[in-house]
Amino acid sequence: MDEKTSSPETPTDVAPAARPAVDRSTRRAALWATLVAVPVTVAVAGFTLAKLSPDAPVAAPDPSPTSAGPVSSAPVEMPAPALAERPGVVCRALVSQLPATVRDLAQRPVTAGAEQNAAYGDPALTVACGGAEPTVDATADVWTVNRVCWYADERSDATVLTTLDRETAVTVTVPRAYEGALQWLTPISDAVVASVPSGGDSPAGCRG
């Protein structure tokens, strides 16, 4: 009898390799990382777009009477009465000493009498030299600003201030648009002291 030899059977089905178990803590960490990364990415993108986009226009503030808004360059109309020789000399000296600006009001040209008149800003604050001093009572209110005595005549559209203690009168007209009329006199008073000699009778209040 022939002996039958049997060879080991070759398995036809191979069991799949076992998949490694997924670490739950690793999956949880990855999930949290994704949740955090998404909003951060969105925030960075939004910030980048905001930087690249043009700034929104900001409304400019309305110019106030004392701000640097548009100012007329037209000459300011002012009278120029004829002056005697001595007042003419004094007024030319005053005009030469007047500042280029009064506070933040730039000087403007005048229609007449540049040797005795000056104007600043828009509406125009004006300085006139050589007019007549007002007649005031001895008890009238007067104001001393930087060693110059002024009398204030309050009008509907302006305060008119005139010197009372100078050889030649100087008149400053401050429009109502500018608050605190006396505050505008400081640089003008300095020019008056430098160029217009004191003289004449003045109220007691000017000598106090």
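See above for the structure.
Numbers given for residues are sequential positions, taken from 1 along each chain in its written order. Totals for whole chains, interfaces and linings use every residue, but because this is a predicted model, local features are given only for residues with pLDDT of at least 70 and side-chain atom pairs only at 80 or more, for both listing and counting. Water and hydrogen atoms play no part in the side-chain values, which are based on all heavy atoms of the structure.

> Summarise the overall build of the protein chain; cite the residues concerned and give the values.
Across its full length, the protein chain carries 4 helices and 8 strands. The secondary structure listing takes helices from DSSP runs of H or I that are at least 4 residues long and strands from runs of E that are at least 2 residues long, numbered from the N terminus. When the helices and strands of the protein chain are read in sequence order from the N terminus, they spell out α-α-β-β-β-β-β-β-β-β-α-α. Taken across its 208 residues, the protein chain has 29% of its residues classed as buried. Working rule for contacts: check all heavy atoms of both residues, and any pair within 4.5 Å makes them a contact. A fraction of 60% describes how many contacts in the protein chain between residues 6 or more apart in sequence connect residues 24 or more apart. A total accessible area of about 14200 Å² is found for the protein chain, and carbon and sulfur atoms account for 57% of it. The rule is simple: take the accessible area with a 1.4 Å probe, protein chains only, and divide by the maximum for that residue type; under 20% is buried, over 50% is exposed, in between is partly exposed. Only the protein chains shown count as covering a residue, and every accessible area follows the Shrake-Rupley method with a 1.4 Å probe.

> Got a sec to walk through the state of the cysteines? Specific residues and values, please.
Whenever a pair of cysteine sulfur atoms sits within 2.5 Å, that pair is classed as a disulfide. Counted by the stated rule, this structure contains 2 disulfides. What pairs with C91 in a disulfide is C129, and their sulfur atoms sit 2.0 Å apart. One quick way to see it: the torsion about the S-S bond of C91 and C129 is about -80°, and its sign makes the bridge left-handed. Here C91 is found in helix α2 (residues 85-97), whereas its partner C129 is found in strand β4 (residues 125-131), with 38 residues between them in sequence. Take C129: its relative accessible area is 3%, and that puts it in the buried class. Paired by a disulfide, C149 and C206 hold their sulfur atoms 1.8 Å apart. The disulfide joining C149 to C206 has a torsion of about -60° about its S-S bond and is therefore left-handed. Placement of C149 in strand β6 (residues 148-154) and of C206 in helix α4 (residues 204-207) is noted, with a sequence separation of 57 residues between them.

> Could you give me a rundown of the pattern of salt bridges, with the residues and numbers involved?
A pair is scored as a salt bridge if a Lys or Arg side-chain nitrogen falls within 4 Å of a carboxyl oxygen belonging to Asp or Glu. All told, the structure shown has 5 salt bridges when counted by the stated rule. Linking R86 and E167 is a salt bridge whose minimum nitrogen-to-oxygen distance equals 2.5 Å. Placement of the pair is R86 in helix α2 and E167 in the loop between β7 (158-163) and β8 (169-175), with a sequence separation of 81 residues. Using a relative accessible area of 36% as the deciding quantity, one classes E167 as partly exposed. Across the pair D122 and R108 runs a salt bridge whose closest N-O atoms are separated by 3.9 Å. Here D122 is found in the loop between β3 (117-120) and β4, whereas its partner R108 is found in strand β2 (residues 105-108), with 14 residues between them in sequence. Overall, R108 belongs to the buried group, its relative accessible area being 11%.

> Quick rundown of helix α3 (residues 186-195)? Include the residues and the values.
Listed in full, the buried residues belonging to α3 are I188, S189, A191, V192 and S195. In an axial view of α3, the angular spread of the buried residues amounts to 160°, which keeps them on one side of the axis. For α3, the secondary structure elements touched by its buried residues are α2, β1 (101-102), β4, β5 (143-145), β6 and β8. For this quantity, the arc is that covered by the directions from the helix axis to the C-beta atoms.

> So what's going on with the environment of S73? Residues and values would help.
Here S73 lies in the loop between α1 (24-52) and α2. The spacing of S73 and P109 is 36 residues in sequence and 7.6 Å in space, taken between C-alpha atoms.

> Could you give me a rundown of the pairing of β7, with the residues and numbers involved?
Of all 6 residues that make up β7, 6 are buried, and the element is covered over most of its length. Along β7, one buried face is formed by A158, V160 and T162 and the opposite face, lined by T159, L161 and T163, is buried too. In this structure, β6 lies alongside β7, joined through 5 bridges in antiparallel fashion. Paired with Y151 across the strands is T162, a residue of β7. In this description, strands pair whenever DSSP reports at least two bridges between them. Taking the residues between adjacent antiparallel strands as the criterion, β6 and β7 are bridged by 3 residues.

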